[in-house]
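# Structural overview
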Amino acid sequence: MENPWGENDFVFRSGTAEDAAACVSLWVAACVARDGEAVDGVAERARLKFDNSECWIVAEDAVAGLVGFVLATKPGSGLASDPPDSPVIGLLAVAPGAQGRGLGGVLLTGATAALAGHGHERSVLHVLADHHGAVHLYEKNGWRPLGEPYPHSLLGRPSQTYVLDLDLPGVR
């Protein structure tokens, strides 16, 4: 199968129920790498998002298996302050050993293209304000801050909502 996202090192496909546990494990590992420690509740919060999926893409490596994924949830599944018609990029993770190869950007682009293909005009996401790598990725891909920072409900750290208009050239 030809890779529609143009990255030759990975195979991309839609996520399935059989992928959920591996994706949650990857999410937890990525959060530990980001934060330096495991935080209670991270896996449970992630697990719940898979039941409300609007778009789910996984990336696999022939040797390592699952190395990344992105999950967007249906409009109305984020914060009360989110635009009500906007799906939420709720989880985006790349295995620590696969980072730095552009995989996060490819997954993000694939998800936004799929959401535009579903007829959505924009999407939102929430990011820890001190997660500079993620903030850079989102801003580089056209996402812009929306509203004021707020404390993350589990971690207490400042977070920021970002929005992307999906009708931008090259997205649809």
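Right, let's walk through the structure included here. Numbering of residues begins from 1 in every chain and follows the order in which that chain's sequence is written. Side-chain atom pairs in this predicted model are given and counted only at pLDDT of 80 or more, local residue features only at pLDDT of at least 70, and totals for whole chains, interfaces and linings cover all residues. With hydrogens and water excluded, all non-hydrogen atoms of the structure serve as input to the side-chain values.

## Some details on the overall build of the protein
Within the protein, the secondary structure is distributed over 4 helices and 7 strands. Overall, the protein shows an N-to-C arrangement of helices and strands of β-α-α-β-β-β-α-β-α-β-β. Put simply, the radius of gyration uses C-alpha atoms, and a globule should come to 2.2 Å times the residue count raised to 0.38. Scaling as 2.2 N^0.38, a compact globule of 172 residues should have a C-alpha radius of gyration of about 16 Å, and the protein matches this with 15 Å. Principal axes of the C-alpha set define a box for the protein whose edges measure 40 × 40 × 30 Å. Burial analysis of the protein (172 residues in total) assigns 43% to the buried set. By the convention used here, residues are in contact when the closest approach between their heavy atoms is within 4.5 Å. Here the analysis covers contacts within the protein between residues at least 6 apart in sequence; of these, 61% occur between residues at least 24 apart. Method for areas: the Shrake-Rupley scheme with a 1.4 Å probe, in which residue coverage is limited to the protein chains shown. A total of about 8,800 Å² of accessible surface is found on the protein, and carbon and sulfur atoms cover 53% of it. In this text, helices come from DSSP runs of H or I with a minimum length of four residues, and strands from runs of E with a minimum of two, each type numbered from the N-terminal end. Each residue gets one of three labels from its accessible area relative to the maximum for its type: buried under 20%, exposed over 50%, partly exposed in between, using a 1.4 Å probe on protein chains only.

## With respect to the pattern of salt bridges
Only one rule defines a salt bridge in this text: a Lys or Arg side-chain nitrogen within 4 Å of an Asp or Glu carboxyl oxygen. Following the criterion strictly, the structure yields 8 salt bridges and no others. In this structure, aspartate 130 and arginine 157 form a salt bridge, with 2.8 Å as the shortest nitrogen-oxygen distance. One end of the pair, aspartate 130, is in the loop between strand 5 (122-128) and helix 4 (132-140); the other, arginine 157, is in the loop between strand 6 (144-151) and strand 7 (158-165), and 27 residues separate them in sequence. Here arginine 144 ties to aspartate 165 by a salt bridge, and the two come within 3.4 Å at their closest N and O atoms. With a gap of 21 residues between them, arginine 144 in strand 6 and aspartate 165 in strand 7 connect regions that are remote in the sequence. Overall, arginine 144 belongs to the partly exposed group, its relative accessible area being 40%. By sharing partners, the salt bridges in this structure join Arg34, Asp35, Asp130 and Arg157 into a single network.

## Focus: the packing of aromatic side chains
Aromatic rings from Phe, Tyr and Trp, taking only the six-membered ring of Trp, are treated as a pair when their centres fall within 6.5 Å; an angle between ring planes under 30 degrees marks them as stacked, one over 60 as edge-to-face, and anything in between as tilted. One pass over the structure, following the stated rule, counts 4 aromatic pairs. An aromatic cluster is built from Phe50, Trp56 and Phe69, whose rings are joined through pairwise contacts.

## Focus on the sheet that holds strand 1 (residues 11-14)
An order of 1-2-3-4-5-7-6 is seen for the 7 strands of this open sheet, with the pairing classed as mixed. Unpaired on one side and paired on the other, strand 1 and strand 6 mark the two borders of the sheet. Pairs of neighbouring strands in the sheet enclose a mean axial angle of 25°, with direction left out of account. The pairing criterion for strands is at least two bridges between them, as found by DSSP. Inspection of the sheet shows strand 6 paired to strand 7 by 5 bridges, in the antiparallel sense. Within the sheet, the bridge partner assigned to leucine 146 lies in strand 7 and is threonine 161. Here an axis means a line fitted to C-alpha atoms, over the contact stretch when the element is a helix, while the angle between two N-to-C directions is reported on a 0 to 180 degree scale. Along the sheet face, helix 2 (residues 42-49) touches strand 2 (53-61), strand 3 (65-73) and strand 4 (88-94) and points at about 125° away from the line of strand 4. Where helix 3 (residues 103-117) meets the sheet, it contacts strand 1, strand 2, strand 3, strand 4, strand 5 and strand 7, and its direction lies at approximately 155° from that of strand 4.

Honestly, it's all geometry; don't read function into it.
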